[in-house]
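# Structure assessment
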Amino acid sequence: MRVNRFEPNPLGFVPRLISLLPLLTGVLILLLFLGGIQSVSDTTAAKQLESLETALSRSIAQCYAVEGMYPPSLKYLEEHYGLTYDRGKFLIDYQSVGANLMPEVTVLSIK
């Protein structure tokens, strides 16, 4: 029996689906990999924010312990206590209330 190349394929739906299985599996693996990368990225950003907040609190407390006053500005902490952070990723709102009152500090993540 001779099969004509131009006739419709006698294979049904299930064999076609089975032939696409490797491609579908590859796409699924790629999507899971990309989701995992995004999850790790989000966790890292949260840890960086937490680390910056801790560094700020420690620098403020150290300044008060050493000098007897709270730092007047964020720039003061950067110059005298070595505080550094990525300005492209974080925004710090530093409101000094007075020399003997704890400043109000808000750290925001920029996406």
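It should be emphasised that the depicted structure is a prediction, and the values quoted were computed from it without experimental measurement.

Secondary structure summary: the protein contains 2 helices and 2 strands in total. Counting helices and strands in the order they occur from the N terminus, the protein gives α-α-β-β. Taking all 111 residues of the protein together, 17% fall into the buried category. At a minimum sequence separation of 6, the contacts of the protein that also span at least 24 residues come to 36%. For the protein, the exposed area adds up to about 8,800 Å²; of that, 62% sits on carbon and sulfur atoms.

Counting 15 residues, the largest nonpolar core has Leu52, Leu56, Leu74, Leu77, Tyr85, Ile92 and Val107 as the members making the most contacts within it. Ignoring anything within four residues of it in the chain, the contact list for Leu56 reads Leu74, Leu77, Leu83, Ile92, Val105 and Val107.

On to the packing of helix 1 (residues 13-67) against helix 2 (residues 74-81). Contact geometry for helix 1 and helix 2: axes closest at 11 Å, N-to-C directions at 75°. For the element pair helix 1 / helix 2, the angle class is roughly perpendicular. On helix 2, the residues touching Leu56, Ser59, Ile60, Gln62, Cys63, Val66 and Glu67 of helix 1 are Leu74, Tyr76, Leu77 and Tyr81. Considering only residue class, the contact of helix 1 with helix 2 consists of 8 nonpolar, 2 polar and 1 charged.

Looking now at the side chain of Ser59. Positionally, Ser59 belongs in helix 1. Contact partners of Ser59, with chain neighbours within four places excluded, come to Leu77 and Leu83.

For the rest of this paragraph, the subject is the pairing of strand 1 (residues 90-95). Burial of strand 1 is one-sided: the residues Phe90, Ile92 and Tyr94 facing one way are buried, the residues Leu91, Asp93 and Gln95 facing the other way are not. As judged from the 6 bridges shared by strand 1 and strand 2 (residues 104-109), these two strands associate in the antiparallel manner. Across the sheet, residue Tyr94 finds its bridge partner in strand 2, namely Val105.

Parameters and conventions
Residues numbered from 1 in each chain as written. Predicted model: local features only at pLDDT ≥ 70, side-chain atom pairs only at ≥ 80, totals over all residues. Heavy atoms only, no water. Helix = DSSP H or I, 4+ residues; strand = E, 2+ residues; numbered from the N terminus. Buried < 20%, exposed > 50% of the residue type's maximum accessible area, 1.4 Å probe, protein only. Contact = heavy atoms within 4.5 Å. Areas by Shrake-Rupley, 256 points an atom, 1.4 Å probe, with all protein chains shown as cover. Core = buried A, V, L, I, M, F, W, Y, C linked by side-chain atoms within 4.5 Å. Axes fitted to C-alpha atoms, helices over the stretch in contact; angles between N-to-C directions. Parallel < 35°, antiparallel > 145°, perpendicular 65-115°, else oblique. Nonpolar A, V, L, I, M, F, W, Y, C, P; charged D, E, K, R; others polar. Pairing = 2+ DSSP bridges.

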